[in-house]
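# Descriptive analysis of the structure
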Amino acid sequence: MTTFEADQREQERENARLLKDDTGFAAGKIAFFQYLCVGVLLFLLFNFWDLQINNPDFYNERAERNRIRSVPTSAARGKIYDRDGRVIVDDHSSFKVRLLRENLEWAHLKPIADGLNLDYEELVAKVNRFSGAKYVPMPLKSDLTPGEVAFVVAHKGPNMLPELELIHGQQRLYPRGKLLAHVIGYVGEVTEKELNEPEFARFSQGDVVGKTGIEREYNDTLMGVDGQKQWIVDNLNYLRKELKEEKPAIPGKALQLTLDLDLQSVAELSLEDRTGAVVALDPRTGEVLAMVSRPAFDLNAFAGRIRTAVWDEIRNDPRGPMNNRCIQPFAPGSTFKPIAAMAGLESGVIDANTRFRCSGAVTFYGNTFHCLSMHGDIELHRAIVQSCDVYFYNLANRLGIDRLYEYADMAGFGRKTGIDLPDEKPGLMPNAKWKIRTFRQKWMGGETINAGIGQGAVAVTPLQLASAIGGLAMGGVWYKPHLVKGVDVGAPRVAQWNPDNIDQVVRGMYGVVNEGGTASAAALPGVDLCGKTGTAQVVSNETKEKYKQYADDFKDNGWFVGFAPHKNPEIVVAALIPGGGHGSYAAPIVRDIVKAYFDKKARQAGQHQAAEYKARIQAMLAFTLLGQGAAR
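Residues numbered from 1 in each chain as written. Predicted model: local features only at pLDDT ≥ 70, side-chain atom pairs only at ≥ 80, totals over all residues. Heavy atoms only, no water.

### Quick word on the overall build of the protein
Within the protein one finds 22 helices and 21 strands. A fraction of 70% describes how many contacts in the protein between residues 6 or more apart in sequence connect residues 24 or more apart. For the protein, the exposed surface amounts to about 32,500 Å²; the carbon and sulfur share of it is 53%. (Helix = DSSP H or I, 4+ residues; strand = E, 2+ residues; numbered from the N terminus. Contact = heavy atoms within 4.5 Å. Areas by Shrake-Rupley, 256 points an atom, 1.4 Å probe, with all protein chains shown as cover.)

Encoded structure:
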């Protein structure tokens, strides 16, 4: 065999080997592809089994979600009534609009802002701040005007404003405007800052909650539970057809307040346009009958989204219309003297016949303390009637600050009353420990002298003062002030004070009104009103003299606290007029409210008697007719 033939055969063997390898590789690829097809088929068969037979309900529901959307239905908040069942706060039907951010086109925000009367920059910032998931609708505006509703309806549809969703709901209505503004409070959307507070942690952005007053204190009671309705939506997410009510809305529970709208109206009118505060209580129960703080604000301005101009006007008012002065502290002045008198009598430092000489001023610890008049030798009764400062300077000096603190604390000064309102302030009743703890300084004797007439660091709220004097008049029994009927206020606080000592102080307060005292203008024929005036300095006499040009800003605060009747009182009222000058200016306010209370009581008694008389006449006629029928 030649060399050529040998090479040719070797080449043929090599080609046969290569052909065999290629055939095997191709066969392997075909087998792999066949196995892959079988695997995919088995996977599809398994999922088809799971979809159609094993879990059909689950996948049907997910499919339905692509064409059915749940839309919330707002629950109405509970109504609020006065003690006689008259409506104070209600709800009304309204529309609100939400922004569907899934469909958001940023270019649409400008026409949306224009159509809904929103500030464009604020709207953009709000959209950027909204922390919810993209599919969560963002509340845009509530309580739409008819024009705004028409704008939303007119722009529903393709190639228009698919981001807007109109929701029918309930809006808070305050039919009495400014009346009871600080007590009732208002509602609003929970803010991002509030969501970080424990009180609001369970809410979400856009939820409407109570912001102040009763609306906030009883938010959980007043809030209902929103419902859900199912709607068919098209491929553009537009609502096309309502299917069913998936979950009905549950309205909030109603509240009945202890307040009497008749007394409240008298109190509001008595203050007129003056800055001030008035609180009326039933000392037998702690029920608040009236509570007024002026200036006030219109609650309806806050019911929806408050306009910037309105908010700026309220916020920039130097009189502070948002402040509830009824639960903010002020120096009580001479209205504190009944408590100081009780401290002196109960501790044995004085008795009813103890006398001090008033020559218009007295010196203690190197300082001269003045009185408004020269009373000569004066005992406790006349000291209360004429409000002699020198008498109570001497009394405070004998008592000392810690003993004075002890009895003021019993009466509730320096602590919150616990009324069912947010943001109540505790006021202040100082003592030696307080000054060391607060200022790292020793208590000075001259400070005790000032404290004896309700000046210096002493600060009480009008509510505290009404509660303290009402409890004193009740024999040393203090019921917790409250605004909602039926709430559990617990057992009253009781001080084991000598009834004779209490009677001495009460008779002095009777003389203030009925024996030519400092509040003779408050006397009421047929009603033995008792009370005490207070004139509290806001700055020292030295400061007044130094800054005479600011005299109007340094006018004394005028107080009057009164109760009636003399025995077993039914009503106690405290009135404060900051800058009023003298307590006698506050006394007529208390007089008018007390008169309104007893006038209403007399009318109700007369109506009751008339109804009883009518019922007796009807019974007699029925009996007569029955007898005549039997005779026939």
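### Thoughts on the side chain of Lys126
Assignment of secondary structure puts Lys126 in helix H4 (residues 120-129). Excluding residues that lie within four positions of it along the chain, Lys126 makes contacts with Met138, Pro139, Leu140, Glu189 and Arg305.

### Points about the packing of aromatic side chains
Taken as a whole and assessed by the stated rule, the structure comprises 15 aromatic pairs. Relative to Tyr393, the ring of Phe369 lies with its centre 5.5 Å away and its plane at 55°, an arrangement referred to as tilted. With a gap of 24 residues between them, Phe369 in strand S15 (residues 367-370) and Tyr393 in helix H15 (residues 389-399) connect regions that are remote in the sequence. Overall, Phe369 belongs to the buried group, its relative accessible area being 9%. Exposure remark for Tyr393: the relative accessible area of 4% places this residue in the buried category. Ring geometry for Trp434 and Phe439: centres 5.5 Å apart, planes at 85°, overall edge-to-face. Its relative accessible area of 15% is what places Trp434 among the buried residues. Accessibility expressed as a relative area gives 46% for Phe439, which makes it partly exposed. Members of the aromatic cluster, each reached through a chain of ring pairs, are Tyr186, Phe297, Phe302 and Trp311. (Phe/Tyr/Trp six-rings, centres within 6.5 Å; stacked < 30°, edge-to-face > 60°. Buried < 20%, exposed > 50% of the residue type's maximum accessible area, 1.4 Å probe, protein only.)

### As for the packing of helix H13 (residues 337-347) against helix H16 (residues 401-411)
As a packed pair, H13 and H16 sit with axes 9 Å apart at the nearest point and diverge in direction by 115°. The interaxial crossing formed by H13 with H16 has right-handed handedness. On the side of H13, the interface is formed by Ile339, Ala340, Ala343, Glu346 and Ser347, while H16 contributes Arg403, Leu404, Tyr407, Ala408 and Ala411. Here the contact of H13 with H16 is composed, by residue class, of seven nonpolar, one polar and two charged. (Axes fitted to C-alpha atoms, helices over the stretch in contact; angles between N-to-C directions. Left-handed = near helix turned anticlockwise from the far one by under 90°. Nonpolar A, V, L, I, M, F, W, Y, C, P; charged D, E, K, R; others polar.)

### Description of the sheet that holds strand S21 (residues 571-577)
In spatial order, the strands read S12-S11-S21-S20-S19; together these five strands make up an open sheet with antiparallel pairing. Bordering the open sheet on either side are strand S12 (287-294) and strand S19 (530-536), each of which pairs with just one other strand. Across this sheet, the average inter-strand angle for adjacent strands is 5°, counted without regard to direction. The sheet contact formed by S19 and strand S20 (residues 557-564) spans seven bridges and is antiparallel. When the sheet's bridge partners are listed, Gly531 is paired in S20 with Gly562. (Pairing = 2+ DSSP bridges.)

### A closer look at empty space enclosed by the protein
Applying the stated rule across the entire model yields two cavities of 30 Å³ or more. By volume, the largest cavity is sized at about 70 Å³. Lining of the largest cavity is provided by 14 residues; of these, Leu281, Pro283, Ser467, Gly471 and Tyr479 occupy positions nearest its centre. At the level of secondary structure, the elements contributing two or more residues to the lining of the largest cavity comprise strand S11 (276-282), helix H19 (462-473) and strand S17 (477-478). It is H19 that contributes the most residues to the lining of the largest cavity, four residues altogether. A class-by-class count of the residues in the lining of the largest cavity yields nine nonpolar, four polar and one charged. By volume, the second largest cavity is sized at about 50 Å³. (1 Å grid on protein atoms, 1.4 Å probe; cavity = no way out; pocket = protein on both sides within 12 Å on 5 of 7 lines; lining within 4 Å. Points joined across faces, edges and corners; volume = space filled by probe spheres on them.)

### A few points about the nonpolar core
Membership of the largest hydrophobic core comes to 130 residues, with the highest contact counts inside it found for Ile214, Phe392, Ile571 and Val594. Tallying contributions element by element places helix H22 (residues 587-631) first for this core, with eight residues. Ile214 has contacts with Ile80, Val183, Ile184, Asn219, Leu222, Leu255, Leu257, Asp420, Leu421, Leu483 and Val484, leaving out every residue within four places of it along the chain. Counting 20 residues, the second largest nonpolar core, distinct from the first, contains Leu109, Leu116, Val124 and Val152. (Core = buried A, V, L, I, M, F, W, Y, C linked by side-chain atoms within 4.5 Å.)

### Describing the side chain of His375
Along the chain, His375 falls in the loop between S15 and strand S16 (376-378). Given a relative accessible area of 12%, His375 falls into the buried group. Those residues in contact with His375 that sit more than four places away from it in its chain are Cys358, Arg382, Gln386 and Cys388.

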